[in-house]
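# Breakdown of the fold
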Amino acid sequence: MEKIKRVIAVNDMSSIGRCSLTVIIPVLSAMGVQVCPVVTALYSTHTGFKAPAKADMTKFIPEVTKHWSSIGATFDAVYSGYLGSEEQIGMTEELIDRFPCGIVLVDPVMGDNGKAYSAFSPEMCGNMSRLCRKANVITPNLTEAAILLGEDYSAAPSEEHGMTKWLERLSEGKRSVVITGLELCEGTLGCGCYDAEKNRVSFIYNERFGGYFPGTGDIFSSVLLGGLMKGKLLADSVKQAAEFVGLCVKTTAEVGSVPMEGVLLEGLLYRLIEI
Ligand code: PXL
């Protein structure tokens, strides 16, 4: 059996709604990766539900990393997602420095559908931009790409040429970039992909299914990371991630499940075992 690789996943645990660690752990485990969570907060549900109960874990984070250093723990990747404060963004930067890894994937979770999430101030968005500089792969959706570039979401490019410019600007010539949620082509949902190692841009289109489901960004980034940790090329990993998310959305929409509950992942995880 091959050595099991492991990833530090800096994210929250939302008990209901299938996002963040409740999807990251099963997805990466199915792909044969050990997830070591650094829990930023506990939520009763994700923030799309009204008034979730929350326990902030900021103070616990340095204790976790200190203990890991004391036992000489090592990791193959760092993956960060939803971070609740400027302080947590700073702690994630420290963690990346403390545990040097070949793969650092930052999903700059800040908003969707053209709007920043309510908890994200302009200062936090600036700090997220700084955190992205420590990554070798970032996976913003179109809303987050616009925020990182200081551009207006409504002025986002609507064709590949303009989107290539956004990908190149986000990469700053250094990091790979995957922009998700592109509607460049009627009836499809696309991803733009800049591979910094190969200096190559590609676009991937999948059939678009109706409805908005929370947590799909987390599932996408997790499958992508799983692929990269298996040594696959960025574009191949993006394709697999987009196809898996598409399958989850299609299955969920067919069943008619409540969108706020996220996608019905449980019955589809077996598909990731063979990837
Ligand atoms: O999937 C992103 C996410 C993560 N964590 C929490 C959220 C959201 C999106 O709404 O509310 C708590």
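The text that follows walks through the structure, step by step, so that each part is easy to find. (Residues numbered from 1 in each chain as written. Predicted model: local features only at pLDDT ≥ 70, side-chain atom pairs only at ≥ 80, totals over all residues. Heavy atoms only, no water.)

### Notes on the overall build of the protein chain
Put simply, the test is: Secondary structure follows DSSP: runs of H or I at least 4 residues long count as helices, runs of E at least 2 residues long count as strands, and numbering of each begins at the N terminus. Radius of gyration here is computed from C-alpha atoms only, and the compact-globule reference equals 2.2 Å multiplied by the residue count raised to the power 0.38. The buried label applies to any residue whose accessible area, calculated with a 1.4 Å probe on protein chains only, is under 20% of its type's maximum; exposed applies above 50%, and partly exposed to all values in between. Note on contacts: a residue pair qualifies if any of its non-hydrogen atoms lie within 4.5 Å across the two residues. Every accessible area reported is derived by Shrake-Rupley at a probe size of 1.4 Å, with residue values counting cover from the shown protein chains alone. When charges are counted, neither His nor the chain ends are considered; positive counts come from Lys and Arg and negative counts from Asp and Glu. By convention, the charge on Lys lies at NZ, on Arg at CZ, on Asp at CG and on Glu at CD.
Helix and strand counts for the protein chain come out as nine helices and eleven strands. Computed over its C-alpha atoms, the radius of gyration of the protein chain comes to 17 Å, within 12% of the 19 Å expected for a compact globule of 275 residues. Counting only C-alpha atoms, the protein chain reaches 55 × 45 × 45 Å along its principal axes. Within the protein chain, buried positions represent 52% of all 275 residues. Within the protein chain, counting contacts between residues at least 6 apart in sequence, those at least 24 apart form 67% of the total. Surface accessibility of the protein chain: about 12,600 Å² in total, with carbon and sulfur atoms responsible for 53%. Once the 25 positive and 32 negative side-chain charges of the protein chain are each reduced to a mean point, those two points are 4 Å apart.

### Some thoughts on the site of the ligand
Using the following cut-off: A cutoff of 4 Å decides nearness: a residue is near a molecule or strand if any of its heavy atoms lies inside that distance of it. Any pair of nitrogen or oxygen atoms within 3.5 Å is treated as a polar contact; in protein, a donor-acceptor pairing is required on top of that, and neighbouring residues in sequence qualify only through side-chain atoms on both sides. Amino acids outside the nonpolar list (Ala, Val, Leu, Ile, Met, Phe, Trp, Tyr, Cys, Pro) and the charged list (Asp, Glu, Lys, Arg) are all regarded as polar, and Gly is one of them.
Around the ligand, the neighbouring residues are Asp12, Ser14, Cys19, Ser20, Tyr43, His46, Thr47, Tyr82, Tyr117 and Asp218. Between an oxygen atom of the ligand and a side-chain N or O atom of threonine 47, the distance comes to 2.5 Å. Contact distances for the ligand include 2.7 Å between an oxygen atom and a side-chain N or O atom of aspartate 218. Look at the ligand: alone it shows 310 Å² of surface, and the protein chains cover 94% of it. The class makeup of the residues in the shell around the ligand is four nonpolar, four polar and two charged.

### Concerning the packing of helix H3 (residues 86-98) against helix H4 (residues 122-132)
Selection rule: The axes are straight lines fitted to the C-alpha atoms, using for helices just the contacting stretch, and the angles between their N-to-C directions are given from 0 to 180°. By definition in this entry, angles of less than 35 degrees are roughly parallel, angles greater than 145 are roughly antiparallel, angles of 65 to 115 are roughly perpendicular, and the rest are oblique.
H4 packs onto H3 with a crossing angle of 10° between their chain directions and a minimal axis gap of 9 Å. Looking at the two axes, H3 sits roughly parallel to H4. Each of Glu86, Ile89, Gly90, Thr92, Glu93 and Ile96 in H3 lies in contact with H4, whose residues at this interface are Glu123, Met124, Asn127, Met128, Arg130 and Leu131. Its residues assigned to classes, the contact of H3 with H4 comprises five nonpolar, three polar and four charged.

### Overview of the sheet that holds strand E2 (residues 33-45)
Quick reminder of the rule: Two strands are said to pair when DSSP picks up at least two bridges between them.
The mixed open sheet is built from nine strands, whose spatial order is E3-E2-E1-E4-E5-E8-E9-E10-E11. Edge positions in the sheet fall to strand E3 (54-56) and strand E11 (200-207), since each of these pairs with one other strand and no more. Bridge count for strand E4 (residues 77-80) against strand E5 (residues 103-106) is four bridges, and the pairing is parallel. Considered in E5, the bridge of valine 78 is made with valine 104.

### Structural notes on the layout of surface pockets
Going by this rule: Here a cavity is any set of points on a 1 Å grid over the protein atoms alone where a 1.4 Å probe fits but cannot get out, and a pocket is any open set with protein on both sides within 12 Å along at least 5 of 7 lines; a residue lines the site when it has an atom within 4 Å of a point. Grid points are joined across faces, edges and corners, and a volume is the space filled by probe spheres set on the points.
What the second largest pocket holds in volume is close to 270 Å³. Residue lining of the second largest pocket: 15 residues in total, with Val137, Ser176, Asp195, Glu197 and Leu228 positioned closest to the centre. Partitioned by chemical class, the residues of the lining of the second largest pocket number six nonpolar, three polar and six charged.

### Observations concerning the packing of aromatic side chains
Stated precisely, the cut-off is as follows: Think of it this way: a Phe, Tyr or Trp ring, Trp meaning its six-membered ring, pairs with another when their centres are within 6.5 Å, and the plane angle makes it stacked under 30 degrees, edge-to-face over 60, tilted otherwise.
Per the stated rule, a full pass over the model turns up seven aromatic pairs. Aromatic side chains tryptophan 68 and phenylalanine 99 sit 6.1 Å apart centroid to centroid with 70° between the ring planes, which places their arrangement in the edge-to-face category. Within this pair, whereas tryptophan 68 is found in helix H2 (residues 60-70), its partner phenylalanine 99 is found in the loop between H3 and E5, the two being separated by 31 residues in sequence. Classification of phenylalanine 99 as buried rests on a relative accessible area of 5%. Between the aromatic rings of tyrosine 82 and phenylalanine 120, the centroid separation amounts to 5.7 Å while the plane-to-plane angle is 80°, which identifies the pairing as edge-to-face. Pair noted here: tyrosine 82 is in the loop between E4 and H3 and phenylalanine 120 is in the loop between strand E7 (115-116) and H4, with a separation of 38 residues, a long-range link. Each member of the aromatic cluster is reached from another via a ring pair, and the members are Tyr43, Tyr82, Tyr117 and Phe120.

### Quick notes on the side chain of threonine 58
In this structure, threonine 58 sits in the loop between E3 and H2. Judged by its relative accessible area of 7%, threonine 58 is buried. The contacts of threonine 58, once residues within four sequence positions are left out, are Thr40, Glu87, Gln88 and Met91.

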